Amino acid sequence: MKVSKRLYSYYLIWPALLIYSVFFVLPALTGLFYSFTDWRLDREAVKFIGWDNFERIFTDRTLLLAMKNTAIFAIVTVLGKNLLGIALAVGLNMKLKSKNLLRAIFYSPSILSVLVISIVFTPMLRSDGTINRIFEAVGLPSLSQAWLTNPAIVIWTVAFVSIWQHTGFQMAIYLAGLQSISKEYYEAATIDGAGSWRSFRSITIPLLLPAININLMLTLIGGLKVFSEVFVLTGGGPGNASQVVGTIILRSFGEGSWGLGTAVNTLLFAAVTIISIPLLIFMRRKEVSE
């Protein structure tokens, strides 16, 4: 009887584990194998070529640019979404009459599809678009830019659009974390003579670490896996200026270079794993220490 009770939990786990293995583990292992082959649309036989695909990734300028753009996008969006998310959460956690309305307004872009966002922002970001007209109207024509066609700033523009869209989601998580902090801590800090900044640094941030941990992981993984924002706003252009790893994978498979595309995807998986797991462990330890 005790044995059957002990095995009961495993009976519930096995179906989910089987589905996970069939639809994730097995395809991942198969992809790992094909990343070391010359698997192509125009070839019937698949030939093992070792590290050739990975050597090409680290020598091809377009692929290197895509990795650089992915890193820039991830860093900028992680910082932007989290810093603005905390700022909005703190502001909208105060006693404001319209705080519920403002929360809904700031959160609403995160529920829109990227396609809708692109329809809104593409006309605004043109050389003769709304943003440049605003700069000209306030006497700052020097700030006008070709936001989506200037190779030097296009990836930063896409990152800005992503920050605008998703910061409200991070704000909601931070708000939940703030509302779980007892007001008694702040009352005690006020009695001890601590100011607003000291209370924020010594009480809010340490007790908000679980929410910070969640948001850092979500934004980091989302930033490294970026695809839809670049695809709908620029398509990787102008030229290859805004290519990221996700669009390179799509292009490789579209051109029939399945082995190369799988190798790039494998590299992306490795990068996400290598960066996110140590960060997760570090943040968990910070939570415990605090």
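To keep things clear, this report deals only with the structure shown in the data block. Just so it is clear, the model here is predicted, and its values are computed rather than measured.

Considerations on the packing of aromatic side chains
Using the criterion set out here, one finds 13 aromatic pairs in the structure. Both rings, one in Phe-36 and one in Trp-51, keep their centres 5.1 Å apart while their planes meet at 90°; by these two values the pair is edge-to-face. In this pair, Phe-36 is assigned in the loop between helix 1 (2-34) and helix 2 (52-57) and Trp-51 in the loop between helix 1 and helix 2, connecting sequence segments 15 residues apart. Given the relative accessible area of 57%, Trp-51 is considered exposed.

Side note on the nonpolar core
Ranked by internal contacts, the top residues of the largest apolar core, which has 34 residues, are Ile-57, Tyr-174, Ile-212 and Val-264. Put simply, the parts of the chain that give this core at least two residues each are helix 2, helix 3 (61-92), helix 7 (154-179), helix 10 (209-224), helix 12 (245-254) and helix 13 (258-289). Among the elements that take part in this core, helix 3 stands out by supplying seven residues, more than any other. Setting aside residues up to four positions removed in sequence, Val-264 forms contacts with Ile-57, Val-245, Ile-248 and Ile-249. In this structure, Phe-121, Ile-131, Ala-159 and Leu-233 belong to the second largest nonpolar core, which totals 19 residues.

A few points about a nonpolar patch on the surface
A grouping of Tyr-10, Ile-13, Trp-14, Leu-17, Tyr-20, Phe-24, Val-25, Leu-29, Leu-32 and Phe-269 is seen on the molecular surface, where their side chains present a nonpolar patch of about 1,000 Å² in accessible area. Looking at which element gives the most residues to the nonpolar patch, the answer is helix 1, with nine residues. Structurally, Leu-32 is set in helix 1.

Rules and cut-offs
Position numbers for residues count from 1 along each chain, tracking the sequence in the order it is written. With pLDDT at 70 or above as the cut-off, local features in this predicted model cover only qualifying residues; side-chain atom pairs require 80 or more to be listed or tallied, and sums for whole chains, interfaces and linings still use all residues. Heavy atoms throughout the structure, all of them, feed into the side-chain values; hydrogens and water do not. Planes of paired rings set the category: under 30 degrees apart is stacked, over 60 is edge-to-face and the rest tilted, where pairs are Phe, Tyr or Trp rings (Trp by its six-membered ring) whose centres lie within 6.5 Å. Helix and strand definitions here come from DSSP, where helices need a minimum of 4 consecutive H or I residues and strands a minimum of 2 consecutive E residues; each element is numbered from the N-terminal end. Relative accessibility under 20% of the residue-type maximum defines a buried residue, over 50% an exposed one, and the middle range a partly exposed one, all with a 1.4 Å probe and only protein chains included. To qualify as a nonpolar core, a set must consist of buried Ala, Val, Leu, Ile, Met, Phe, Trp, Tyr and Cys residues joined through side-chain atoms within 4.5 Å. A contact between two residues is defined here by any heavy atoms of the two lying within 4.5 Å. Nonpolar side chains (Val, Leu, Ile, Met, Phe, Trp, Tyr) within 5 Å and like charges within 9 Å form the patches, drawn only from residues with over 30% relative accessible area and no salt bridge. Shrake-Rupley sampling with a 1.4 Å probe provides the accessible areas, and residues are treated as covered by the protein chains on show and by no other component. Salt bridge, as used here, is a side-chain nitrogen of Lys or Arg placed within 4 Å of a carboxyl oxygen of Asp or Glu.

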